[in-house]
Amino acid sequence: MLHLPAEGPPDPHGVVVGPLDLAARVDEALAVQAVAFGLTVEEIGVRRHIVLRHLTSPGARALGATARSGHLVGFVYGMPNDRSHWWSTVVEPYLRDTGHEGWLDDSFVITELHVHPDYQQHGIGRSLITTITDGSLQPRSILSAIDVESPARRLYRALGYRDLARPVLFPSAPTPYAVMGAPLPLRR
């Protein structure tokens, strides 16, 4: 299990959301994801390569949430959707079956959004996703989320995302996902 350095009680009001050089801070970001999402060391290794590959995609962007100490406590990254990417090829048949295949075109994909559990429920995730999508040239956004009622799913719905397809089964993922989409700009 990976842990972030101890820095005393979290101060969500001292967190700043801004541009993130995700390639330079990929290990720190994945440490946040590991704690927030429960990843193993092996899964982190696989995801590290995926994140670095995604960052070479045209239009890929990342934002970080940084505590006063300088430690990363949350991050988001995404890119304009490309139907040739693995994620799109997996979700496409599910979206076609529900009549939502067109969402794969001209959409900004939220690839990952994670906030350290000690900093959740303070608006940091909301700030990360609204800020990154506000900079999108696409008219809509899509993402996938574990298909259970969770604070993340409630946040996405509050921002205007709706279920486009569920349950979506990703190879090697033990739980089903939902693909969600929202027009941009997101609701406030």
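Residues numbered from 1 in each chain as written. Predicted model: local features only at pLDDT ≥ 70, side-chain atom pairs only at ≥ 80, totals over all residues. Heavy atoms only, no water.

**Student:** Help me out: how do you make sense of the sheet that holds strand β1 (residues 16–19) in this one?
**Tutor:** Sheets are built from strands that pair by backbone hydrogen bonding, the pairs being arranged parallel or antiparallel. Pairing within the open sheet is mixed, and its 7 strands lie in the order β1-β2-β3-β4-β5-β7-β6. Of all the strands in the sheet, just β1 and β6 (162–168) have a single pairing partner and so form its edges. Going from strand to strand, the sheet's axes swing by 20° on average, the running direction of each strand aside. (Pairing = 2+ DSSP bridges. Helix = DSSP H or I, 4+ residues; strand = E, 2+ residues; numbered from the N terminus. Axes fitted to C-alpha atoms, helices over the stretch in contact; angles between N-to-C directions.)

**Student:** Looking at this model, I keep getting lost on the side chain of His54. Mind explaining?
**Tutor:** With respect to the secondary-structure elements, His54 resides in helix α2 (residues 41–54). Using a relative accessible area of 18% as the deciding quantity, one classes His54 as buried. With sequence-adjacent residues up to four places away left out, His54 is seen in contact with Ala60, Tyr77, Met79 and Thr111. (Buried < 20%, exposed > 50% of the residue type's maximum accessible area, 1.4 Å probe, protein only. Contact = heavy atoms within 4.5 Å.)

**Student:** Is there a simple way to think about the pairing of strand β5 (residues 140–146) in this case?
**Tutor:** It is a general feature of regular strands that their side chains alternate between the two faces of the sheet. Direction of pairing for strand β4 (residues 107–115) relative to β5: parallel, over a ladder of 3 bridges. For Val109, the partnering residue across the bridge sits in β5 and is Ile142. In this region the chain leaves β4, passes through helix α4 (residues 124–134) and returns to the parallel neighbour β5; the handedness of that crossover is right-handed. Bridge count for β5 against strand β7 (residues 177–183) is 7 bridges, and the pairing is antiparallel. Each residue of the ladder has a partner; that of Ile146, found in β7, is Tyr177. (Right-handed = clockwise from strand over helix to strand, strands pointing away.)

**Student:** Explain the nonpolar core to me, please; I cannot follow it from the model alone.
**Tutor:** Nonpolar side chains in soluble globular proteins tend to be buried together. Among the nonpolar cores identified, the biggest contains 26 residues, and Ile110, Leu128, Ile129, Leu143, Tyr156 and Tyr161 are the most heavily contacted of them. For this core, the elements supplying multiple residues, two or more each, are β2 (61–66), β3 (72–80), β4, α4, β5, α5 (151–158) and β7. The contact partners of Ile110, leaving out residues within four places of it in the chain, are Val76, Tyr77, Gly78, Ile129, Ile132, Thr133, Ser141, Ile142, Leu143 and Tyr161. (Core = buried A, V, L, I, M, F, W, Y, C linked by side-chain atoms within 4.5 Å.)

**Student:** Sorry, what's going on with the packing of helix α1 (residues 26–37) against α2 here?
**Tutor:** In helix packing, the relevant descriptors are the interaxial angle and the interaxial distance, both defined with respect to the helix axes. Between α1 and α2, the shortest axis-to-axis distance is 10 Å and the interhelical angle comes to 130°. What the angle tells us is that α1 and α2 run oblique. The crossing of α1 and α2 is right-handed. Of the residues in α2, those in contact with Val26, Asp27, Leu30, Gln33, Ala34 and Phe37 of α1 are Ile44, Arg47, Arg48, Val51 and Leu52. (Parallel < 35°, antiparallel > 145°, perpendicular 65-115°, else oblique. Left-handed = near helix turned anticlockwise from the far one by under 90°.)

**Student:** I'm lost on the environment of Gly125 in this one. Help?
**Tutor:** Looking at the secondary structure, you find Gly125 in helix α4. Of the residues examined, Gly125 reaches a relative accessible area of 13% and is grouped as buried. Separated by 71 residues in sequence, Gly125 and His54 have C-alpha atoms that sit 21 Å apart. Aside from chain neighbours lying at most four places away, what touches Gly125 is Leu113, Val115 and Leu155.

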